[in-house]
Amino acid sequence: MFDWKWDFTIEILPRLLDATVNTLIAAGLGYLIALIVGLIFALAQRTPLRSVTFIVRELVEFVRSTPLVLQIFFVFYVGPQIGIRLSPWTAGMIAIGLHYASYLSEVYRAGLDSVPKGQWEACSALNLSVRRTYAKIIIPQAIPAVIPGFGNYLIGIFKDTPLLSVIGVMELFQAANSIGAETYRFLEPYTLVGLIFLVISLPTAMFIRRFEDWVRGALGMKKLYAKD
Amino acid sequence: MLTYFEFIQEYFPALLKGTVVTLEQTALGILVAVLVAVTMASMKMAPFFAIRWFGIAYIEVFRGTSLLVQMYWIFFVLPLFGITLEKFTAGFLAVGLNLGAYGAELVRGGIQAVPRGQYEAAVALGFSPFTRMRRIIFPQALLKMLPPWGNLLIELLKATALVALISVTDLMFMSKQINSTTFMSAQAFGTALIIYYIIARLIVTPGMRGLENRLARKLSIG
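Reference entry: report on the structure contained in this document. (Residues numbered from 1 in each chain as written. Chains lettered and ligands numbered in written order. Predicted model: local features only at pLDDT ≥ 70, side-chain atom pairs only at ≥ 80, totals over all residues. Heavy atoms only, no water.)

**Digging into a nonpolar patch on the surface**
Residue and element names in this part refer to chain B. This is how it is decided: Candidates for patches are residues over 30% relative accessible area with no salt bridge; among them, like charges are joined within 9 Å and nonpolar side chains (Val, Leu, Ile, Met, Phe, Trp, Tyr) within 5 Å. Computed by Shrake-Rupley with a 1.4 Å probe, the accessible areas treat only the displayed protein chains as cover when residues are assessed. By definition, a salt bridge exists where a carboxyl oxygen of Asp or Glu is found within 4 Å of a side-chain nitrogen of Lys or Arg. Secondary structure elements follow DSSP: runs of H or I no shorter than four residues count as helices, runs of E no shorter than two count as strands, and numbering proceeds from the N terminus. Residue burial is assigned from relative accessible area. The probe radius is 1.4 Å, only protein chains are included, and a residue is buried under 20% of its type maximum, exposed over 50%, and partly exposed in between.
Together, Tyr4, Leu23, Ile194, Ile198, Leu202 and Ile203 make up an exposed nonpolar region whose accessible area comes to about 560 Å². Those elements that provide at least two residues to the nonpolar patch are α1 (4-44) and α8 (185-218). Broken down by element, the nonpolar patch gets its largest block of residues, 4 residues, from α8. Locating Tyr4 in the fold gives a position in helix α1. Take Tyr4: its relative accessible area is 41%, and that puts it in the partly exposed class.

**A short note on the packing of aromatic side chains**
Note the following rule: A pair of aromatic rings is counted whenever rings of Phe, Tyr or Trp (Trp by its six-membered ring) have centres within 6.5 Å, and the orientation is called stacked for planes under 30 degrees apart, edge-to-face for over 60 and tilted otherwise.
The final tally for this structure, using the stated rule, is 27 aromatic pairs over all chains. Ring plane angle 45 degrees and centroid distance 4.8 Å describe the contact between Phe158 of chain A and Phe197 of chain A, whose orientation is recorded as tilted. Of the two residues, Phe158 of chain A sits in helix α6 (residues 130-160) while Phe197 of chain A sits in helix α8 (residues 187-218), which places them 39 residues apart along the sequence. For the pair formed by Phe158 of chain A and Phe197 of chain A, the shared burial category is buried. For the pair Phe7 of chain B and Tyr11 of chain B, a centre-to-centre distance of 5.3 Å together with 45 degrees between the ring planes defines the contact as tilted. Of this pair, Phe7 of chain B and Tyr11 of chain B both sit in helix α1, 4 residues apart, which is roughly one turn of that helix. Comparing Phe7 of chain B with Tyr11 of chain B, the two get one shared label, buried. Following the ring pairs from residue to residue traces out a cluster consisting of Phe173, Phe186 and Tyr190 of chain A together with Tyr72, Phe75 and Phe76 of chain B.

**So, the interface of chain A and chain B**
We apply this condition: Residue contacts are defined here by distance: any two heavy atoms, one from each residue, within 4.5 Å place the two residues in contact. Whenever two N or O atoms come within 3.5 Å, that pair is a polar contact, provided that in protein one can donate a hydrogen and the other can accept it, and provided that, for residues adjacent in sequence, both atoms are side-chain atoms. Ten residue types, Ala, Val, Leu, Ile, Met, Phe, Trp, Tyr, Cys and Pro, are classed as nonpolar, four, Asp, Glu, Lys and Arg, as charged, and the remainder, Gly among them, as polar.
Taken together, the contacts link 36 residues of chain A with 41 residues of chain B. Between chain A and chain B we count 1 salt bridge in total. There are 13 residue pairs in polar contact (both at pLDDT 80 or more) connecting chain A and chain B. At the level of elements, α2 (50-64), α3 (68-81), α4 (88-114), α7 (172-183) and α8 of chain A are the ones that each hand at least two residues to the side of chain A that touches chain B. Take the side of chain A that touches chain B: its biggest share by element is 9 residues, from α8 of chain A. Split by residue class, the side of chain A that touches chain B holds 22 nonpolar, 10 polar and 4 charged.

Shown next as structure tokens:
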């Protein structure tokens, strides 16, 4: 029955917190890859080349409709088959980065599409260069529309890092698994892992809402959550 | 080394068996998720603080932690409290409880998106609160929330792949097993990826679109 052991909790906490650092690194690194590759995916779908648009569109759809855990296995095991040995970390970062890149490419796309057509027309009427059109007119107006999406996927990638444990990346969940295997105690490690996730993701969500309001305020737009 | 065609001939029955389990997990997971979503959304909109608080806490806890952690908790920790679930049950229950928390926010958003005038008209016409919800508000809310539910169901389908980690013999589990006996990773995992894609694109997405059209016709809009 219920027997929570506090001394055991204190004993394993440092180990779990150490692993939390790895989890944060994995989430951060994966997100960085996703931000860059996602932008490439989004821009590739705006090129006049029909075939490129089509291929990238289908790739994004495919990655979005299939399970991340299977993709992680795929990258990790198919590499050696074709002669590329990937470490668990590398394979994990590639899989999770590409998975979230396809989600983020949709956010980029929605953001650019959210800017009214008249803005583009005004830019060409004023004869602004492509660079100035994007940098001064389009992107600043697209930012408030993309912050919630980017924020949600940042938290999403953080919560998906436990999947990296399936190929042996030593992150928070894997640390809990090892503790469970060594001590046959599961209550404390898994509960602590849940609490650590909660303690990180809830404030992050709040911070993202604040940040969105701050950006909207800075751009002279109406705040959304000011009364919270 | 087998050719891909021989590989399929040899292992298709096993993959098919896994696919059936995945579909079962998905269907039961959807059932749990819908029940949880409606219950928690109603609780979050309830007039009593304690009930509202429970709804909020549920949604935040299940959305704030990982599905994998929740699944392990249900499967490995709940038995310590005297609740032992079979792995199959623990699997779809975890998936449904988790995705249901996301669904609750969709339900709440859909209901709040129905224009106030509709409430007022229903009140003016003397409908009871229950009839007002059943005949006026909910059908309109449902139409608004079906498209995001389509996305959520694809997330749910993908999420069921995690049940393989507590040894439910679903598609993911089968492909892993085939991989460990044949070492034909690209074939084993690649085929499984394609099957998941086919289920998502050829069953879930068109199914939801059909549902949307039927409901729209019933409400005689669009």
